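A closer look at the structure
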Amino acid sequence: MATDKYLTASQKAVDCLVKTGICRPDFRKEHTDAAFYFKSVTSLLLAGKHKEANNVLDHIRDTCMKDGDFISPGVEVGQKSANGAYNEFWAYANGWIAMGAMRLQRFDVAYPAYRYIQEKFFHPALGGATVKPYSKTEPNIVEVLSTAHLGMVFMTFGDLDKALKCGETLKLFTKLNKEGDPNTFYLRMDDKEKLVTDFPAEAAAICAVKATEPNQLYFFVGYPIAFLAKLYAATGNESFRDCAEDILDFCMRCDKSIYSFNFSHKVGWGAACLAAAVSNRDKKEKYIQVATKIADYLVSLQSDRGSFLDSGPEMDNLDQTAEISVWLREIATELDRA
């Protein structure tokens, strides 16, 4: 399978990150927000740039880390970053840092980060991840992306019991969504295992994915596919693979923009993971096609210097350059196994 172009694009993106200066003191003096850096640890590591990955992780530890949490210097109290998404999904950046540190065997960062996430954001009754820190007295909201992300953190740190609970929560999300509107995947659930279907219009993008509308935030449903496929690999429990297939089936019913939108990257990764996980030839080919269509589109977005989203703010550009470099490499790896 012709996956070399994905690896080439990934490497070009990593080279761009280094040339931009994320390892240089002069760049860091002007760019203090954690969103410039936290995905780059994994991006650099996977590209074989271990020295640079450690350098960036040292910077994050020295400027952002406090009691296992990570907060950009100079932001207002109660915020993590100038990127509002990372304030809403507080544990997301933490999970990237924890897993990157673990893969680097940087236990000075990995274990404090892990302890903070699992103590603050794991819902002990539902088994998924809360958007805000878990409360014993106030209502909690469990969310799909956060649950898949925390589940992957648990597997990375060898806590399979908690990863299984995250998988069961995603199965519940999928079951409840299948019982309702077939063209909507609701992303949030309350303490009583009831999907959150009533929300302000301005919050719709982070509360549901609509199959009939274009340019949805498809990564919300892409990450669970990848996590569940990996959980199946870890356990042999076919119900997790079946759930991943159900979610990907929903994605394949979505508007055609899912194949030409930069926020579909995790769907491409999930489809590639699932292609490697199934033995049925027809399904495998179908999932390969989904992954390659999305990956090909992502490659087409790359600028001459190697970055992605050059038309946007520099923070978003570098953030997505690091992330897309990771998913292109992961997609290539999974497709080579499919």
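Before reading on, note that the structure itself is shown above.
What comes next concerns the included structure. All of these numbers come straight from a predicted model, not from anything done at the bench.

On to the overall build of the protein chain, then. Tallying secondary structure elements over the protein chain gives 15 helices and six strands in all. Principal axes of the C-alpha set define a box for the protein chain whose edges measure 55 × 50 × 40 Å. The buried share of the protein chain, taken over its 338 residues, is 57%. Carbon and sulfur atoms provide 50% of the accessible area of the protein chain, an area that totals close to 14,000 Å². Of the charged side chains in the protein chain, 40 are positive and 45 negative; the average position of the first set lies 3 Å away from that of the second.

Among the secondary structure elements, Gly-127 is positioned in the loop between helix H7 (107-121) and strand S3 (141-143). Residue class for Gly-127 comes out buried when judged on its relative accessible area of 1%. As for Gly-127 and Arg-253, which are separated by 126 residues in sequence, their C-alpha atoms are 28 Å apart. Sequence-distant contacts of Gly-127, that is, excluding residues within four places in its chain, are made with Phe-122, Lys-165, Cys-166 and Thr-169.

Each aromatic ring pair is described using two quantities: the centre-to-centre distance and the angle formed by the ring planes. Using the criterion set out here, one finds 22 aromatic pairs in the structure. When the ring of Tyr-218 is compared with that of Phe-261, the centres are 6.3 Å apart and the planes differ by 85°; the resulting orientation is edge-to-face. In this pair, Tyr-218 is assigned in the loop between strand S6 (208-210) and helix H11 (219-235) and Phe-261 in the loop between helix H12 (238-252) and helix H13 (265-277), connecting sequence segments 43 residues apart. An aromatic cluster of at least three residues, connected via ring pairs, comprises Phe-38, Tyr-86, Tyr-92, Trp-96, Tyr-223, Trp-269 and Trp-327. We note Lys-162 situated over the ring of Phe-122; from NZ or CZ to the ring centre the distance is 5.9 Å.

About the cut-offs
- Residues numbered from 1 in each chain as written.
- Predicted model: local features only at pLDDT ≥ 70, side-chain atom pairs only at ≥ 80, totals over all residues.
- Heavy atoms only, no water.
- Helix = DSSP H or I, 4+ residues; strand = E, 2+ residues; numbered from the N terminus.
- Buried < 20%, exposed > 50% of the residue type's maximum accessible area, 1.4 Å probe, protein only.
- Areas by Shrake-Rupley, 256 points an atom, 1.4 Å probe, with all protein chains shown as cover.
- Lys, Arg positive; Asp, Glu negative; His and termini not counted.
- Charge placed at Lys NZ, Arg CZ, Asp CG, Glu CD.
- Contact = heavy atoms within 4.5 Å.
- Phe/Tyr/Trp six-rings, centres within 6.5 Å; stacked < 30°, edge-to-face > 60°.
- Lys NZ or Arg CZ within 6 Å of the ring centre and 35° of its normal.

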